[in-house]
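Descriptive structure summary
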Amino acid sequence: MNIFYCPNAELNESCLLDENESSHLVKVLRKRENDELLVFDGRGKLYEARIEGIGKKEAAVRIFRLVEVDKQDRPKLHVAIAPSKNTERLEWFAEKATEIGITEITPLICSHSERKELRPDRIEKILLGASKQSIKLTIPKLNPVIKFEAFIKSVKGSDRKFMAYCDEKSIHLKDAYHGGFDAVILIGPEGDFTREEVLLAEQNEFETVSLGKSRLRLETAGIYATTVFNLANEK
């Protein structure tokens, strides 16, 4: 099923698909005026629409029926993750986590971080593509890069707060989180969090948890945590 993204979609209104969406609609799928299609707004709503006009770079569609609304009461997952030196690994995490189910991603700069800058436009395109591919009606939010201390002190209102940390004494995430609540999960860099970062997190009500005995790459750890969260909420 092909769906198209139009952030300004509203019932009984017209909206313009951007150049990329329009090109796929016309040049790949060979759609023409009056053909029908599915459009989502990235904020949780899926519509049926009809093509009104096709220009050189944009296609105009008319929204005529609301098909589905994303459940807003589903527990929300926010993963704050340290970018790797190879940005493709973070991009892979963003894509797969979107397919599994994630609400928000924050790139986190830690003491052992090897990369402190990203191209958010690349990641946002990946989030959009993964949302369309997996038919997720709400595109995950990508936050700006932020330093660890600032992030820890800024987290407010989340039901559960976890830090994935390589410590044999930590309880496993699957035993610490049983579903039904929003959660923030911290995933550290290749060299893990420093002891000072762990203490700061604990002082701000984060619980250190284990992701198992294996030493995981950061993107694998992020996917593991995302999967545990979603399995706990599949009821």
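This write-up is about the structure you can find in this document. (Residues numbered from 1 in each chain as written. Predicted model: local features only at pLDDT ≥ 70, side-chain atom pairs only at ≥ 80, totals over all residues. Heavy atoms only, no water.)

**A look at the overall build of the protein**
Rule in force here: Segments assigned H or I by DSSP are reported as helices when at least four residues long, segments assigned E as strands when at least two residues long, and all are numbered from the N terminus. Think of it in three bands: residues with accessible area under 20% of the maximum for their type are buried, residues over 50% are exposed, and the middle band is partly exposed, with areas taken using a 1.4 Å probe on protein chains only. Throughout, a contact is declared for two residues whenever any of their heavy atoms are within 4.5 Å. Using the Shrake-Rupley algorithm and a 1.4 Å probe, accessible areas are obtained, with residue cover drawn only from the displayed protein chains. Charge counting follows a simple rule: Lys and Arg are positive, Asp and Glu are negative, and His as well as the terminal groups are ignored. For this purpose, a charge sits on NZ of Lys, CZ of Arg, CG of Asp or CD of Glu.
Within the protein one finds seven helices and 13 strands. Seen through its principal axes, the protein has C-alpha atoms that stretch 60 × 35 × 30 Å. Counting over 235 residues, the protein shows a buried share of 46%. Residue pairs in contact within the protein that sit at least 24 positions apart in sequence constitute 71% of those at least 6 positions apart. A total accessible area of about 12,900 Å² is found for the protein, and carbon and sulfur atoms account for 47% of it. The protein carries 37 positive and 39 negative side-chain charges, and their two centres are separated by 2 Å.

**Quick look at the sheet that holds strand 4 (residues 45–54)**
Under the convention used in this document: Two strands are counted as paired when DSSP detects at least two bridges linking them. Helix axes are fitted to C-alpha atoms over the stretch in contact, other axes to C-alpha atoms as well, and angles between N-to-C directions run from 0 to 180 degrees.
The mixed open sheet is built from five strands, whose spatial order is 1-3-4-5-2. Two strands lie at the open edges of the sheet, namely strand 1 (3–5) and strand 2 (14–17), each paired on one side alone. The sheet shows a mean angle of 45 degrees between the axes of neighbouring strands, taken without regard to direction. Bridge count for strand 2 against strand 5 (residues 59–69) is four bridges, and the pairing is antiparallel. Considered in strand 5, the bridge of S14 is made with R62. On top of the sheet, helix 1 (residues 19–28) reaches strand 1, strand 2, strand 3 (36–40), strand 4 and strand 5; it is set at about 155 degrees to strand 1, its chief contact.

**What about the side chain of E197?**
Inspection of the secondary structure puts E197 in helix 6 (residues 195–203). Taking the relative accessible area as the measure of exposure, E197 reaches 6% and is therefore buried.

**Some words on empty space enclosed by the protein**
It is the rolling of a water-molecule-sized probe over the atoms that shows where space remains empty. Put simply, the rule reads: We place a 1 Å grid over just the protein atoms. Points where a 1.4 Å probe fits but has no way out form a cavity, open points with protein on both sides within 12 Å along at least 5 of 7 lines form a pocket, and any residue with an atom within 4 Å of a point lines it. Grid points are joined across faces, edges and corners, and a volume is the space filled by probe spheres set on the points.
Overall, the coordinates contain one cavity of 30 Å³ or more when judged by the stated rule. One number sums up the size of the largest cavity: a volume of about 30 Å³. If you trace the largest cavity, you find it lined by L90, A94, I105, P107, I123 and L142. Of all the secondary structure elements, the ones that give two or more residues to the lining of the largest cavity are helix 2 (87–100) and strand 7 (104–109).

**A few points about the packing of aromatic side chains**
Basically, it comes down to this: Aromatic rings from Phe, Tyr and Trp, taking only the six-membered ring of Trp, are treated as a pair when their centres fall within 6.5 Å; an angle between ring planes under 30 degrees marks them as stacked, one over 60 as edge-to-face, and anything in between as tilted. We count a charge as sitting over a ring when the NZ of a lysine or the CZ of an arginine lies within 6 Å of the ring centre and within 35 degrees of the ring normal.
Overall, the coordinates contain four aromatic pairs when judged by the stated rule. Taken together, a centroid distance of 5.4 Å and an interplanar angle of 50 degrees make the contact between Y5 and F40 tilted. Here Y5 is found in strand 1, whereas its partner F40 is found in strand 3, with 35 residues between them in sequence. Relative accessible area serves as the criterion here: at 0%, F40 is assigned to the buried category. Seen from their ring centres, F162 and Y177 are 6.2 Å apart, and the 85 degrees between their planes marks the pair as edge-to-face. Linking F162 in strand 10 (residues 160–164) with Y177 in the loop between helix 5 (173–176) and strand 12 (183–187), this pair joins segments that are 15 residues apart in sequence. Y177 carries the same exposure label as F162, and that label is buried. Aromatic rings pair up to connect F162, Y177 and F229 into one cluster. Over the ring of F64 we find R50; its NZ or CZ atom is 4.5 Å from the centre of that ring.

**Focus: the layout of surface pockets**
Applied cut-off: Charged residues are taken to be Asp, Glu, Lys and Arg, nonpolar residues to be Ala, Val, Leu, Ile, Met, Phe, Trp, Tyr, Cys and Pro, and polar residues to be all remaining types, Gly included.
Estimates place the volume of the largest pocket at around 650 Å³. Around the largest pocket, the lining is made up of 24 residues, and of these D70, K71, R74, P75 and G101 lie nearest the centre. Those elements that place two or more of their residues in the lining of the largest pocket are helix 2 and helix 7 (218–232). Within this model, the second largest pocket holds a volume of roughly 530 Å³. Lining the second largest pocket are 24 residues, with Y165, C166, S214, R215 and L216 positioned closest to its centre. Residue composition of the lining of the second largest pocket, grouped by class: 10 nonpolar, six polar and eight charged.

**Comments concerning the pattern of salt bridges**
Rules: One speaks of a salt bridge when a side-chain nitrogen belonging to Lys or Arg is within 4 Å of a carboxyl oxygen belonging to Asp or Glu.
Scanning the model with the defined rule gives 14 salt bridges in all. The closest approach of N and O atoms between D175 and K174, which form a salt bridge, is 3.5 Å. Its relative accessible area of 48% is what places K174 among the partly exposed residues. Within the structure, one salt-bridge network assembled from shared partners comprises R89, E190 and E219.

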